[in-house]
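# Examination of the molecular architecture
Letter by letter, the chains look like this.
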Amino acid sequence: MFCSDRYFPCIMYAFMKKMMKAWTAVLLIAAGCTADPSGESSGKTDSSSQEVKPVYGDSEKAYHEACDNMTQSASFTAAVNSMYKMHFSDDTYDTYSFDGVLENDGETAHVKENFLANGLASVIEGYYYGGRLYNVYNGVTYYEDMTMKDLEQTLLVPLGPVILGDGQVDEITLLERENGDRIFHITLKDDFAASLFHDRYDFYDLSLYDGYTLKSHSITEEFDKDGHFIREAAVFDTEITYSTETIGVTYTSEVNRLRFDETAVEISDALKQEQSTYVNFKDIDTSQIAGEADDDDKEEATVAATFEKRLQSRLNYAKQDDGTLKSEFNTNEAYIVDFANSSFHYSNYSIQYSYNWRGDIGAMGACTYDYKTGHASSECTDSTVETIQKVKMYLQMELYYCGLSLDELQNDTK
């Protein structure tokens, strides 16, 4: 399924086989798994700081129209995550999780992917240009020729909405946010849901196991007021049988798309010179690729704690004397995360812009901006409001690189 020169880099396939081998070991020895403190699946939530209202009418027709008339963009950023969570008969569980970010400006791209399974962690980061992907994979460097569409396939989570045909839908409901975003909640006919899960989402092929059953599912698709596809969240609850034991497996995935026609990827001449020394992936000894037995990337008890840990381990934020975390990315710009006050700051020279995720409020000096209502105080100028609006997006990107979302962080701190 994985190793296709057209759709999936074989070097990635070698690592995926290692990851799945680790998961198979979990199935063989359920003892020693971690007790689930919640007893619930850890699927993503469909939340927002803005209220939603139902839209009445033919929701299935509206969904087809949204897909048919979807606004296309020359560039975009996509953040994805997926998880298999295995529930064992002794009330223990284990997980395989993946998250990644793709920045695609049409000609060039930057991708970063994180894997975690049974204590085995790995990171892949690459740059794409000239029809070639240059990757660093746990310190191993290589290149592979592919198209941009092939690159998108490596993210394992579909980047576009599910396309539905006649007779496949059980029910679609439509909600609308205050800002005009439209949310479609979809349930499918049982037979089609099972085949869609296999064809579109399930890269581990759960259907090949004995006793495979799809018990329930839900899919949420979201489009913004301008017609862009901006989000999909999917949950599939399944069961399989292994060595007479029934194991519940919950699959969740989410994709968020943003920065339409604003995403730009810059690759320095120095980096290109370095990448010119990379070898073709066929010349890599895949036996030398091994994840580290390191669970430092594992989720903590709260989203905020996970975010705080991964800001330091993934994004190299440094803890300050006042307890805040800071990242300086040039001589005059910096990001600061203040968990004690639920705020994110962007500083440019002596000017500091702030976003409070608990209140969904942005500020710079006397200027305040309410994201829920779109109202700006009288002290604001248009350029200040524009930058304040970007600061919220900067936080979203940091969260995505940490495998999290703003909705999760806001729900965590309510």
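Quick caveat, the model's predicted, so the values are computed rather than measured.

A few words now on the packing of aromatic side chains. Under the counting rule described, the total for this entry stands at 29 aromatic pairs. Ring-pair connections join several aromatic residues into one group, and the members of that group are Tyr 84, Tyr 96, Phe 197, Tyr 201, Phe 203, Phe 236 and Tyr 251. Positioned over the ring face of Tyr 93 is Lys 85, at 4.6 Å from the centre of the ring. Of note, Lys 272 hangs over the ring of Tyr 129, and the distance from its end group to the ring centre comes to 5.1 Å.

Once that is clear, we can look at the pattern of salt bridges. Considering all chains together, one arrives at 18 salt bridges under this definition. Across the pair Arg 132 and Asp 145 runs a salt bridge, and its minimum N-O distance is 2.6 Å. A residue pair is termed long-range when its members are at least 10 positions apart, and Arg 132 in strand β7 (residues 132-137) and Asp 145 in strand β8 (residues 140-145) qualify at 13 residues. Taking the relative accessible area as the measure of exposure, Arg 132 reaches 25% and is therefore partly exposed.

Attention now goes to the nonpolar core. Within the largest apolar cluster, 60 residues are counted, with the highest numbers of intra-cluster contacts made by Tyr 63, Tyr 84, Leu 151, Leu 164, Phe 184 and Leu 188. Apart from residues no more than four positions distant in its own chain, Tyr 63 is found in contact with Pro 161, Val 162, Leu 164, Ile 172, Phe 184, Ile 186, Glu 221 and Phe 223.

Attention shifts here to the sheet that holds strand β23 (residues 375-376). With respect to topology, 8 strands assemble into an open sheet ordered β16-β17-β18-β19-β20-β21-β22-β23, the strand pairing being antiparallel. Whereas interior strands pair on both sides, the edge strands pair on one side only; in this sheet they are β16 (318-319) and β23. Bridge count for strand β20 (residues 351-356) against strand β21 (residues 361-364) is 3 bridges, and the pairing is antiparallel. Note that in β21 the partner of Ser 354 across the bridge is Ala 363. Along the sheet face, helix α6 (residues 303-313) touches β16, β17 (325-328) and β18 (333-338) and points at about 35° away from the line of β17.

Another aspect to go through is the environment of Ala 264. Here Ala 264 lies in the loop between β13 (245-258) and α5 (269-275). Placed 154 residues apart in sequence, Ala 264 and His 110 show a C-alpha to C-alpha distance of 9.5 Å.

The subject of this paragraph is the confidence of the model for the protein chain. Here the protein chain averages 86 in pLDDT, while 85% of its residues score no lower than 70. Across residues 1-35, where pLDDT falls below 50, the model places 90 contacts with residues more than four positions away in sequence or in other chains. Confidence over residues 37-47 falls short of pLDDT 50; this stretch has 24 contacts with residues more than four positions distant or in other chains.

By secondary structure assignment, the location of Thr 154 is in the loop between α3 (148-153) and β9 (169-177). Among the polar contacts listed, one links the side chain of Thr 154 to the side chain of Glu 113, at a separation of 3.1 Å.

On to the pairing of β9, then. Strand direction decides the pairing type here: strand β2 (residues 52-54) and β9, joined by 3 bridges, are antiparallel. Bridge pairing in β9 links Val 52 to Arg 177. One ladder, built from 7 bridges, connects β9 with strand β10 (residues 182-188); its direction is antiparallel. Counted as the bridge partner of Glu 176 is Arg 182 from β10. Between β9 and the antiparallel strand that follows it, β10, lie 4 residues; Gly 180 among them carries a positive phi value of about 100°.

With that settled, the discussion passes to helix α4 (residues 190-201). Taking 1.5 Å of rise per residue, 12 residues should cover 16 Å, and α4 covers 16 Å from first to last C-alpha, within 8% of that figure. On its buried face, α4 sits against β3 (76-87), β10, β11 (210-223), β12 (229-242) and β13.

Mapping Glu 113 onto the fold places it in strand β5 (residues 109-117). By relative accessible area, which is 2% here, Glu 113 ends up buried. Once the C-alpha coordinates of Glu 113 and Glu 125 are considered, the two residues, 12 residues apart in sequence, prove to be 6.3 Å apart.

Each disulfide consists of a covalent bond between the sulfur atoms of two cysteine residues. Inspection of the entire model under this criterion finds 1 disulfide. Across the disulfide from Cys 367 sits Cys 380; the S-S distance is 1.9 Å. Here the disulfide of Cys 367 and Cys 380 is right-handed, its torsion about the S-S bond being about 100°. Of this pair, Cys 367 sits in strand β22 (residues 367-370) while Cys 380 sits in the loop between β23 and α7 (382-401), placing them 13 residues apart in sequence. Assessed through its relative accessible area of 17%, Cys 380 is described here as buried.

Analysis parameters
- Residue positions are given per chain, counted from 1 along the sequence in the order it is written.
- Selection of residues for local features in this predicted model requires a pLDDT of at least 70, selection of side-chain atom pairs for listing and counting requires 80 or more, and totals for whole chains, interfaces and linings are taken over all residues.
- Only hydrogens and water are set aside when side-chain values are computed; all heavy atoms of the structure are taken into account.
- Aromatic rings from Phe, Tyr and Trp, with only the six-membered ring used for Trp, were paired whenever their centres fell within 6.5 Å, and each pair was classed as stacked if the ring planes differed by under 30 degrees, edge-to-face if by over 60, and tilted otherwise.
- For a ring to carry a charge above it, either NZ of a lysine or CZ of an arginine must fall within 6 Å of the ring centroid while also lying within 35 degrees of the normal to the ring plane.
- Every case where a carboxyl oxygen of Asp or Glu lies within 4 Å of a side-chain nitrogen of Lys or Arg is listed as a salt bridge.
- For the purposes of this entry, the term helix denotes a DSSP run of H or I that reaches at least four residues, the term strand denotes a run of E that reaches at least two, and both are numbered from the N terminus.
- Between buried and exposed lies partly exposed: a residue is buried under 20% and exposed over 50% of the maximum accessible area for its type, with that area taken using a 1.4 Å probe on protein chains only.
- To form a nonpolar core, buried Ala, Val, Leu, Ile, Met, Phe, Trp, Tyr and Cys residues must be joined to one another through side-chain atoms within 4.5 Å.
- The criterion used for residue contact is that any of the two residues' heavy atoms lie within 4.5 Å.
- Two strands qualify as a pair provided that DSSP identifies no fewer than 2 bridges between them.
- Think of each axis as a best-fit line through the C-alpha atoms, taken over the contacting stretch in the case of a helix, with angles from 0 to 180 degrees between the N-to-C directions.
- pLDDT is defined as a per-residue confidence score from the predictor, taking values between 0 and 100.
- Nitrogen and oxygen atoms within 3.5 Å of one another constitute a polar contact, given that in protein one can donate a hydrogen and the other can accept it, and given that sequence-neighbouring residues count only through two side-chain atoms.
- One fewer than the residue count of a helix, multiplied by 1.5 Å, yields its expected span.
- What counts as a disulfide here is a pair of cysteine sulfur atoms lying within 2.5 Å.

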